[in-house]
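Read off the chains here:
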Amino acid sequence: MYDPGQLRTFLAVAQTLSFTQAARRLGLRQSTVSQHVRRLEDAAGRTLFTRDTHSVDLTEDGEAMLGFARRIQEVHEQAASFFTGTRLRGRLRFGASEDFVLTRLPEILEAFRAEHPEVDLELTVELSGTLHEQIDAGKLDLVLAKRRPEDPRGESVWHDRLVWIGSERLRLDAERPVPLIVYPPPGISRALALEALERHGRAWRIACTSGSLNGLIAAARAGLGVMAHSRGLIPPGLVRVPDRVGLPELGEVDFVLRGSGGREDGGAARALAEAILAGGDRLR
């Protein structure tokens, strides 16, 4: 028997790859998180994480446990919801950034709709910067979006690094401006890319602007230029630009959930947030 509390802790560590961030997310002490993971490893008879002072990574057995833990947690939550007799209802305005168009977010939303059929879920897909503006204006109840490193708002789903990506056949000329494929303002990856190039004194030009991720991917596959993108979400047909090309480091980025702070956060918005956090590994 695997303890649901230990599985929940395991999922938080697996998604953040940090015992510290998992403890902060769950409202637990870091020693408690370590204890939960150790007890789960004892129950499984396998090592689930490799860890040292600098990094945490899932082992092969940890990857296998990830799928089991997610399904056990989902069934446990469904059973708890059924027997408490609580039924969520009302309108939920949810915004997701373009980054998640090609992930398995639709599966998470489909499961949420099946579990809470009386919730009217309205989905908005937009740029991360626009979603932050809309929730600030009270137009959305919950958003899943990128956050700039210095921004404290939101609950971390996972932490990632931005990298340059493009077609494998693309060749950049060091003497010419870097051709960029970008979202329009206020795209966060656009802003971070331009800031990095400006800091390093590297000339650039806009080769393609599109508000659609599919549009950006098509331009990149055609070899029009490079784009800044999450390392964990690189689309098929595109690759990381080699370090030898000399493009500047783009830094790190957080993907977060932000609630509006209204009364909805205690109901449907919180339930959807918990479903996304539990299935966060499916978003990569």
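Please read all numbers here as calculations on a predicted model, not as lab measurements.

Calculation notes
- Residues numbered from 1 in each chain as written.
- Predicted model: local features only at pLDDT ≥ 70, side-chain atom pairs only at ≥ 80, totals over all residues.
- Heavy atoms only, no water.
- Helix = DSSP H or I, 4+ residues; strand = E, 2+ residues; numbered from the N terminus.
- Rg over C-alpha atoms; globule rule 2.2 N^0.38 Å.
- Buried < 20%, exposed > 50% of the residue type's maximum accessible area, 1.4 Å probe, protein only.
- Phe/Tyr/Trp six-rings, centres within 6.5 Å; stacked < 30°, edge-to-face > 60°.
- Salt bridge = Lys/Arg side-chain N within 4 Å of Asp/Glu carboxyl O.
- Contact = heavy atoms within 4.5 Å.
- Pairing = 2+ DSSP bridges.
- Right-handed = clockwise from strand over helix to strand, strands pointing away.
- pLDDT = per-residue confidence, 0-100.
- Axes fitted to C-alpha atoms, helices over the stretch in contact; angles between N-to-C directions.
- Parallel < 35°, antiparallel > 145°, perpendicular 65-115°, else oblique.
- Left-handed = near helix turned anticlockwise from the far one by under 90°.
- Nonpolar A, V, L, I, M, F, W, Y, C, P; charged D, E, K, R; others polar.
- Patch = residues over 30% accessible without salt bridge, like charges linked within 9 Å, V, L, I, M, F, W, Y side chains within 5 Å.
- Areas by Shrake-Rupley, 256 points an atom, 1.4 Å probe, with all protein chains shown as cover.

(A) Expanded view of the overall build of the chain. When helices and strands are tallied, the chain shows nine helices and 11 strands. Its C-alpha radius of gyration of 20 Å places the chain within 12% of the 19 Å reference for a compact globule of 284 residues. When its C-alpha atoms are laid out on the principal axes, the chain stretches across 65 × 45 × 30 Å. Going through the 284 residues of the chain one by one, you find that 47% of them count as buried.

(B) Geometry of the packing of aromatic side chains. On inspection of all chains with the given rule, the structure shows five aromatic pairs. Judged by centre distance (5.4 Å) and plane angle (50°), the ring pair of Phe-10 and Phe-49 falls under tilted. Residue Phe-10 is found in helix α1 (residues 4-16), and its partner Phe-49 is found in strand β1 (residues 49-51); the two are separated by 39 residues along the sequence. Take Phe-49: its relative accessible area is 2%, and that puts it in the buried class.

(C) Broad picture of the pattern of salt bridges. Across all of its chains, the model carries 15 salt bridges by this definition. Residue Arg-270 pairs with Glu-155 through a salt bridge whose shortest N-O separation is 3.3 Å. Linking Arg-270 in helix α9 (residues 268-278) with Glu-155 in strand β6 (residues 155-166), this pair joins segments that are 115 residues apart in sequence. Where Arg-231 meets Asp-160, a salt bridge forms, and the shortest distance between an N and an O atom there is 3.7 Å. Here the residue Arg-231 occupies a position in the loop between β9 (227-230) and β10 (239-240), and Asp-160 occupies one in strand β6, the gap between them amounting to 71 residues. Taking the relative accessible area as the measure of exposure, Arg-231 reaches 43% and is therefore partly exposed. Its relative accessible area of 7% is what places Asp-160 among the buried residues. Each of Asp-136, Arg-153 and Arg-258 takes part in a single network of salt bridges with overlapping partners.

(D) Highlighting the side chain of Gln-6. Among the structural elements, Gln-6 can be located in helix α1. On the basis of relative accessibility, which here comes to 13%, the residue Gln-6 falls in the buried class. Contacts of Gln-6, omitting those with residues within four sequence positions, involve His-36, Arg-39 and Leu-40.

(E) Focus on the pairing of strand β4 (residues 119-126). With eight bridges connecting them, strand β3 (residues 90-97) and β4 associate as parallel partners. By the bridge assignment, Ser-97 is partnered in β4 with Glu-126. Following the chain from β3 across helix α5 (residues 105-115) to the adjacent parallel β4, one finds a crossover that is right-handed.

(F) Structural detail: the confidence of the model for the chain. Across the chain, the average pLDDT comes to 88, with 95% of residues at or above 70. The secondary-structure element of the chain with the lowest mean pLDDT is helix α4 (residues 60-84), recorded at 83, while strand β7 (residues 178-182) shows the highest, at 97.

(G) Expanded view of the packing of α5 against α9. Where α5 meets α9, the axes come as close as 10 Å, and the angle between the chain directions of the two elements is 135°. The orientation of α5 with respect to α9, classified from their angle, is oblique. Judged by the sense of rotation from one axis to the other, the crossing of α5 with α9 is right-handed. Note on element contacts: α9 touches α5 through Ala-268, Ala-271, Leu-272, Ala-275 and Ile-276, opposite Ile-108, Leu-109 and Phe-112. Residue classes in the contact of α5 with α9 are distributed as eight nonpolar, no polar and no charged.

(H) Spotlight on a nonpolar patch on the surface. On the surface, Val-101, Leu-102, Leu-123 and Val-125 cluster together into a nonpolar patch covering about 320 Å² of accessible area. Structurally, Leu-123 can be placed in strand β4. Owing to a relative accessible area of 46%, Leu-123 belongs among the partly exposed residues under this scheme.

(I) View of the environment of Arg-39. As for its position among the elements, Arg-39 is in helix α3 (residues 30-44). By relative accessible area, which is 45% here, Arg-39 ends up partly exposed.

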